[in-house]
Amino acid sequence: MPLWLDLTIRVVAVVVGFLTLPLIVGQAEHKVMAHMQGRLGPMYAGGYHGWAQLVADGVKFVQKEDIAPRDADRRVFRLAPLVALFPYLLVLLAIPLGPDLVAQPLDVGLFFVLAVLGVGVLAVLMSAWASANKYSLLGGLRGAAQLLGYELPLVLAAASVAMAAGTLSLPGIVEAWKPWWLLWQAPAAIIFFIAGLAEIRRPPFDMPIADSELVFGYMTEYTGLRFAFFLLAEYVGIIVIAALTTVLFLGGWHGPLSDQLGWLWTLLKIFALSFVIIWLRVTYPRLREDQLQRLCWLVLVPLALAQLVLTAAVKIAT
Amino acid sequence: MTDDGERGTPGKGLVQGLAVTLKTMTKRSTTRQYPDVEPELPPRSRGVIALLEENCTVCMLCARECPDWCIYIDSHKEEVVVPGAARARQRNVLDRFDIDFSLCMYCGICIEVCPFDALHWTPEFEYAETDVLDLLHDKNRLGEWMRTVPPPPAHDVLGEPSKEEATAARKAAGPGAATAAKTNVRRASPTTAERPNRAAQAQPEPPEQPQ
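Bear in mind the structure is a predicted one, so any value in this text is a computation, not a measurement.

*Asks:* Looking at this structure, how should I read the overall build of chain A?
*Replies:* Secondary structure summary: chain A contains 12 helices and zero strands in total. Reading chain A from its N terminus to its C terminus gives the helix and strand order α-α-α-α-α-α-α-α-α-α-α-α. On C-alpha atoms alone, chain A measures out to a radius of gyration of 20 Å, which is about the 20 Å that the 2.2 N^0.38 rule sets for 318 residues. Dimensions of chain A along its principal axes, counting C-alpha atoms only, are 60 × 50 × 45 Å. Across the 318 residues of chain A, 53% fall into the buried class. Of the contacts formed within chain A by residues at least 6 apart in sequence, a portion of 76% connects residues at least 24 apart. For chain A, the accessible surface area stands at approximately 14600 Å², while carbon and sulfur atoms represent 72% of it.

Below you can see the structure in the form of structure tokens.
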């Protein structure tokens, strides 16, 4: 196969996944959230139980006027949604679905993924500052504090599993994964998942958006397609966090018949975790800003450090 | 995260919250899909007011009692020649009976005060209009609602007989039996009132089912 064809197939596959998986998660969120609240959710769009609701939403967003506030810093304002969206696309490139099913196997995959995820805070600050809106600014600053804070437990928890596997390559970590790691790395898994939730600013960690006090946080001034990009980024974020947790802690493609159905196992685990993310959103109220920071610095960071020590101890002992 | 000891095991509340949402998800949702599925209204729901034109005597009680004056009545008098009577009788003829449902507050006072049961509640409720002026229903429109009025509830077996029944029974019994029928009414035995002759002999009878 010529290089260009190989490259095209890989990129197209990732882009297709990038565009369809968030839609599936978004529709699932509509329906799951509705039923958890005793409602039905969308029922009309597309005819059968509103399956096309998000498509209709997309059409609506495209039709809307692209407004930038008068005092906004236009170039930064317009760039921010893309900066929010693009890192997740890059992360998806490095996530393995099956033993050889990865768009771009990287030796430093974990490092790359965490570094690129960190770009997200830039998008938040860009949109917040450029909007020339006090709610946006407040939301953006909250977001920055939250993202910087939760970056630490996220990285520490990921470092623990990297230490256990002895590699930074994502396929390598899945290869080295053993079922008993579920117990050994359980605290790290939980810390990673919670910190990941905070990283993508999902409820109960949606203090930067907090629609009841900040209108819509740093997204207040956005309309149309740019707003849709932010929303898309949120849902790709769910996929990315679920996928990373799957790959790092839940053994990725490991499972019965993993030789043929490895990719299916990965996808199943990703969707199960996405369901948990939706479930948490429906169940828990938003954390206050001080609770949010306290959870991060007084609970998650010490726990993550303790897990690192435990991992190191077990690693040396064996 | 910092649950104190009084509330039991830490994290218990968090798990309970998750259980509540999961349990709700497995139950059927309570959403009524109204335009697609007709709602199951309780019997005798109060949707709109219907007019039985034949019963209306243009006494104007409803129009006068209406708190927001949304009933408009016009009428004229008509001479009715009754054969055998000394002089012609006069009768009110209803020309116009409109209810403005944009003003109506559905208190039902007009229905309560109507002495001849010309006004009725019906469970119909789908008469929304795009123009507020179209909410002024004339007597034909109000008459059409009569189709949807549920039949009146069956008479209470243990209750007093209806005024009509008592009057009919009194007339049938002749002028002398009137008091006897009335006393029987007070004994709260509706069937005896229909048969004043036997009732006058004061036989205690178990009440029968009417009809």
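*Asks:* Teacher, can you tell me more about helix 3 (residues 74-94) of chain A here?
*Replies:* Along an α-helix, residues three or four positions apart point the same way, because every turn accommodates 3.6 residues. Residue and element names in this part refer to chain A. Taking 1.5 Å of rise per residue, the 21 residues of helix 3 would be expected to cover 30 Å, and the 32 Å separating its terminal C-alpha atoms lies within 8% of that figure. The sharpest bend along helix 3 reaches about 30 degrees and sits at A80, with the proline P81 one to four residues further on. If you follow the buried residues of helix 3, they end up packed against helix 1 (3-36), helix 4 (109-117), helix 5 (120-130), helix 7 (170-176) and helix 10 (224-249).

*Asks:* Hey, could you run me through the pairing of strand 4 (residues 119-122) of chain B in this one?
*Replies:* Along a regular strand, successive side chains alternate from one face of the sheet to the other. All names here are of chain B. On strand 4, burial covers both faces: L119 and W121 on one face and H120 and T122 on the other are all buried. The pairing of strand 1 (residues 48-51) with strand 4 spans four bridges and is antiparallel. By the bridge assignment for strand 4, I49 is matched with W121.

*Asks:* Got a minute to help me understand the interface of chain B and chain A in this structure?
*Replies:* When the parts of a complex come together, some accessible area is lost, and that lost area is often taken as the interface size. Each partner contributes residues to the interface: chain B has 15 residues there, and chain A has 16 residues. Taken as a group, L18(B), T21(B) and M25(B) account for 37% of the area that chain B buries against chain A, more than any other trio of residues on that side. Our count for the chain B to chain A interface comes out at zero salt bridges. Taken together, the residues of the side of chain B that touches chain A break down into seven nonpolar, seven polar and one charged.

*Asks:* Just to check I follow, could you spell out the UniProt feature "binding site: [4Fe-4S] cluster 1" (unreviewed entry) in chain B for this structure?
*Replies:* Residue and element names in this part refer to chain B. The positions UniProt marks with the feature "binding site: [4Fe-4S] cluster 1" (unreviewed entry) are C56, C59, C62 and C114. Of the residues just listed, which span 59 residues, no C-alpha pair is farther apart than 10.4 Å, and they cluster in one region. Of the residues examined, C59 reaches a relative accessible area of 30% and is grouped as partly exposed. Residue class for C114 comes out buried when judged on its relative accessible area of 14%.

*Asks:* Help me understand the pattern of salt bridges in this model?
*Replies:* It is possible for side chains bearing opposite charge to pair when their charged atoms get close. Residues and elements named next belong to chain A. Within this structure, the stated rule accounts for 16 salt bridges over all chains. One salt bridge in this structure joins R286 and D206, with 2.9 Å as the shortest N-O distance. Linking R286 in the loop between helix 11 (258-283) and helix 12 (289-317) with D206 in the loop between helix 9 (186-199) and helix 10, this pair joins segments that are 80 residues apart in sequence. One salt bridge connects D290 with R294, and the closest N-O pair in it is separated by 3.9 Å. Taken as a pair, D290 and R294 lie in helix 12 at a separation of four residues, close to a single helical turn. The partly exposed category is assigned to R294, whose relative accessible area is 41%. Among the charged side chains, a salt-bridge network with shared partners connects E29, R202, E234 and R281.

*Asks:* Sorry, what's going on with the environment of E53(B) here?
*Replies:* All names here are of chain B. Among the structural elements, E53 can be located in the loop between strand 1 and helix 2 (61-65). Residue E53 is classed as partly exposed on the basis of its relative accessible area, which comes to 31%. Considered as a pair, E53 and P123 are 70 residues apart in the sequence and their alpha carbons are 19 Å apart. For E53, the residues in contact, after removing those within four places along its chain, are L94 and K139. A polar contact is formed between the side chain of E53 and the side chain of K139, at a distance of 3.3 Å.

*Asks:* Help me understand helix 2 (residues 53-63) of chain A, please; the structure alone is not making it clear to me.
*Replies:* Residues and elements named next belong to chain A. All of the buried residues along helix 2 are Q53, D57 and F61. When helix 2 is viewed along its axis, its buried side chains cluster within an angular range of 75 degrees and face the same direction. Turned more than 90 degrees off the buried face of helix 2, the exposed positions are V62 and Q63. Buried residues along helix 2 sit in contact with helix 1 and helix 10.

*Asks:* Can you help me understand the packing of aromatic side chains in this one?
*Replies:* Pairs of aromatic rings are described using the distance from one ring centre to the other and the angle between the two planes. All names here are of chain A. Taken as a whole and assessed by the stated rule, the structure comprises 14 aromatic pairs over all chains. For the ring pair W180 and W184, a centre distance of 5.0 Å and an interplane angle of 10 degrees mean the geometry is stacked. Considering the side-chain rings of F275 and W279, the 5.8 Å spacing of their centres and the 40 degrees angle between planes classify their relative orientation as tilted. In this pair, F275 and W279 both sit in helix 11, four residues apart, roughly one turn of the helix. Relative accessible area serves as the criterion here: at 22%, F275 is assigned to the partly exposed category. When its relative accessible area of 17% is taken as the criterion, W279 is described as buried. Grouping aromatic residues by their ring pairs yields a cluster made of F77, Y218, Y222 and F230. A cation over a ring is seen here: K60 above F61, with NZ or CZ 4.8 Å from the ring centre. Directly above the ring of W177 sits K269, whose terminal nitrogen or CZ lies 6.0 Å from the centroid.

Quick notes on the rules
Residues numbered from 1 in each chain as written. Chains lettered and ligands numbered in written order. Predicted model: local features only at pLDDT ≥ 70, side-chain atom pairs only at ≥ 80, totals over all residues. Heavy atoms only, no water. Helix = DSSP H or I, 4+ residues; strand = E, 2+ residues; numbered from the N terminus. Rg over C-alpha atoms; globule rule 2.2 N^0.38 Å. Buried < 20%, exposed > 50% of the residue type's maximum accessible area, 1.4 Å probe, protein only. Contact = heavy atoms within 4.5 Å. Areas by Shrake-Rupley, 256 points an atom, 1.4 Å probe, with all protein chains shown as cover. Expected span 1.5 Å × (residues − 1). Bend = angle between axes of the 7 residues up to and from the residue. Pairing = 2+ DSSP bridges. Buried area = accessible area lost by both parts, 1.4 Å probe. Salt bridge = Lys/Arg side-chain N within 4 Å of Asp/Glu carboxyl O. Nonpolar A, V, L, I, M, F, W, Y, C, P; charged D, E, K, R; others polar. UniProt positions renumbered as here; feature names shortened; annotations may be inferred. Polar contact = N/O pair within 3.5 Å; in protein donor to acceptor, adjacent residues only side chain to side chain. Arc of directions from axis to C-beta. Phe/Tyr/Trp six-rings, centres within 6.5 Å; stacked < 30°, edge-to-face > 60°. Lys NZ or Arg CZ within 6 Å of the ring centre and 35° of its normal.

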